[in-house]
Amino acid sequence: PSRSGRVNRVFMVVGCPSSGKTWVCDQLKDKFHCVRHDPLGKAEPYVAEIMQQSKSATMPLLIEAPFSISEIKDPLERAGFQVTPVFIQENPAVLGQRYWLREHRPIPRQHLSRQNTYAQRATAWGAFQGNSSQVLAHLRDMNK
């Protein structure tokens, strides 16, 4: 925890739909304080919930970025959080299969093009990127 009495270290899992963001977070509940986005629906209430939960968390926070990265990262950093993004880059065939199983329809082309944008951003920021299993292993190593 920081001097303000809250945990200010945040690891943000970024990836297109069906990349495995939620699966990665579910695997790490014993090492991180995970803040789920599902019940909140939009970025602003999710950021507020992250800030609220940081006050009682005893481990680094682990969050997902299902919305625009900047809508989550920027307000957290302005509030004094140290945000470390990690990017899931899955094989497009794997993404398509997962999406089909979850949504019962083909993955939209824009989701696959978003993955290319995420790869460019990860490279520009010097952030870790790998498939969901590699991101899981990386985060486990980060918080030993």
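Residues numbered from 1 in each chain as written. Predicted model: local features only at pLDDT ≥ 70, side-chain atom pairs only at ≥ 80, totals over all residues. Heavy atoms only, no water.

A.B. asks: Teacher, can you tell me more about the pairing of strand S1 (residues 9–14) here?
C.D. replies: One face of the sheet, then the other: side chains in a regular strand alternate in exactly this way. Most of S1 sits inside the fold, with five of its six residues counted as buried. Bridge analysis of S1 against strand S4 (residues 82–88) gives six bridges, and the strand direction is parallel. When the sheet's bridge partners are listed, Val10 is paired in S4 with Val83. Pairing analysis gives five bridges linking S1 to strand S3 (residues 61–65), with the strands arranged parallel. The residue bridging Val14 from the neighbouring strand is Ala65, located in S3. (Buried < 20%, exposed > 50% of the residue type's maximum accessible area, 1.4 Å probe, protein only. Helix = DSSP H or I, 4+ residues; strand = E, 2+ residues; numbered from the N terminus. Pairing = 2+ DSSP bridges.)

A.B. asks: I tried to follow the packing of aromatic side chains on my own but got confused; where do I start?
C.D. replies: For any two aromatic rings, the description comes down to two numbers: the centre-to-centre distance and the angle of the planes. Under the defined criterion, the tally for this structure stands at three aromatic pairs. Aromatic pair Phe11 and Phe32: ring centres 5.4 Å apart, planes at 80 degrees, arrangement edge-to-face. One end of the pair, Phe11, is in strand S1; the other, Phe32, is in the loop between helix H1 (21–27) and strand S2 (33–35), with 21 residues separating them in the sequence. A relative accessible area of 1% means that Phe11 is categorised as buried. You can call Phe32 buried: its relative accessible area is 1%. Of the aromatic side chains, those joined through ring pairs into one cluster are Phe87, Tyr118 and Trp125. Its end group placed over the ring of Trp125, Lys73 keeps NZ or CZ at 4.7 Å from the ring centre. (Phe/Tyr/Trp six-rings, centres within 6.5 Å; stacked < 30°, edge-to-face > 60°. Lys NZ or Arg CZ within 6 Å of the ring centre and 35° of its normal.)

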